[in-house]
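Structural features, examined
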Amino acid sequence: QEQLVESGGGLVQAGGSLRLSCAASGRTFNGNFMGWFRQAPGKEREFVATVGWGGSTYYAEVVKGRFTISRDNAKTTLYLQMSSLKPGDSAVYYCAAHGSGSVYLRSSYVYWGQGTQVTVSS
């Protein structure tokens, strides 16, 4: 009943753009913040961006100015618009719903999607 489903990943050339979507079901969209994390092979899952119910946003420094996070509360959908993509952005991207604690920390999110693969070629 509580579910997050990501879509929109794929293969793109460096400098290109992709938009990821996350469809939320149940109570996963009821909290204040929704976020995106990403994980590349051999690396830890890292914070990308988060957005509050009213539209406040916070970004990891490495994506600031290139990525835009947004949400449509009526559609219970989270988005990540990615531009000027670099090979270092290649990872599995996960949608997550915040519970309590710092919005920058993985441990603060209680619901997670299955992930969608983003591959940026050079």
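All figures in this text were calculated on a predicted structure; none of them were measured in a lab.

The topology assignment puts S90 in the loop between β8 (77-82) and β9 (91-98). Within the local environment of S90, its side chain forms a polar contact with the backbone oxygen of P87, the two atoms lying 3.1 Å apart. A polar side-chain atom of S90 sits 2.8 Å from the main-chain amide nitrogen of V120.

Right, let's get into the environment of R106. Considering the arrangement of structural elements, one finds R106 in the loop between β9 and β10 (109-112). Residue R106 is classed as partly exposed on the basis of its relative accessible area, which comes to 38%. For R106, the residues in contact, after removing those within four places along its chain, are F37, E44, R45 and W112.

Moving on, we get to the pattern of salt bridges. The final tally for this structure, using the stated rule, is 5 salt bridges. Put simply, R38 and D89 hold a salt bridge, and the shortest N to O gap is 2.9 Å. Taken together, the residues span a long stretch of sequence, with R38 in strand β4 (residues 33-39) and D89 in the loop between β8 and β9 at a distance of 51 residues. Comparing R38 with D89, the two get one shared label, buried. One salt bridge in this structure joins D89 and R66, with 2.8 Å as the shortest N-O distance. Of this pair, D89 sits in the loop between β8 and β9 while R66 sits in the loop between β6 (57-59) and β7 (67-72); the two residues are 23 residues apart in sequence, bridging distant segments of the chain. Of the two residues examined, D89 and R66, each falls in the buried class. A network of salt bridges, in which partner residues are shared, links R38, E46, R66 and D89.

This brings us to the environment of V120. Examined against the element boundaries, V120 turns out to sit in strand β11 (residues 116-121). Residue classification places V120 among the buried positions, given a relative accessible area of 6%. With 32 residues separating them along the chain, V120 and G88 place their C-alpha atoms 7.7 Å apart.

What follows is about unusual backbone geometry. Unlike most non-glycine residues, T76 shows phi in positive territory, near 45°. Note that T76 resides in the loop between β7 and β8. Of note in the backbone geometry, S84 takes a positive phi value of approximately 50° without being a glycine. The topology assignment puts S84 in the loop between β8 and β9. For S84, a relative accessible area of 41% puts it in the partly exposed group.

A few words on the nonpolar core. Within the largest apolar cluster, 34 residues are counted, with the highest numbers of intra-cluster contacts made by W36, L80, M82 and Y93. Secondary structure elements with two or more residues in this core: β3 (18-25), β4, β5 (46-52), β7, β8, β9 and β11. Looking at which element gives the most residues to this core, the answer is β9, with 5 residues. M82 has contacts with G16, S17, L18, L20, R66, F67, Y93 and V118, leaving out every residue within four places of it along the chain.

Definitions and limits used
- Residues numbered from 1 in each chain as written.
- Predicted model: local features only at pLDDT ≥ 70, side-chain atom pairs only at ≥ 80, totals over all residues.
- Heavy atoms only, no water.
- Helix = DSSP H or I, 4+ residues; strand = E, 2+ residues; numbered from the N terminus.
- Polar contact = N/O pair within 3.5 Å; in protein donor to acceptor, adjacent residues only side chain to side chain.
- Buried < 20%, exposed > 50% of the residue type's maximum accessible area, 1.4 Å probe, protein only.
- Contact = heavy atoms within 4.5 Å.
- Salt bridge = Lys/Arg side-chain N within 4 Å of Asp/Glu carboxyl O.
- Core = buried A, V, L, I, M, F, W, Y, C linked by side-chain atoms within 4.5 Å.

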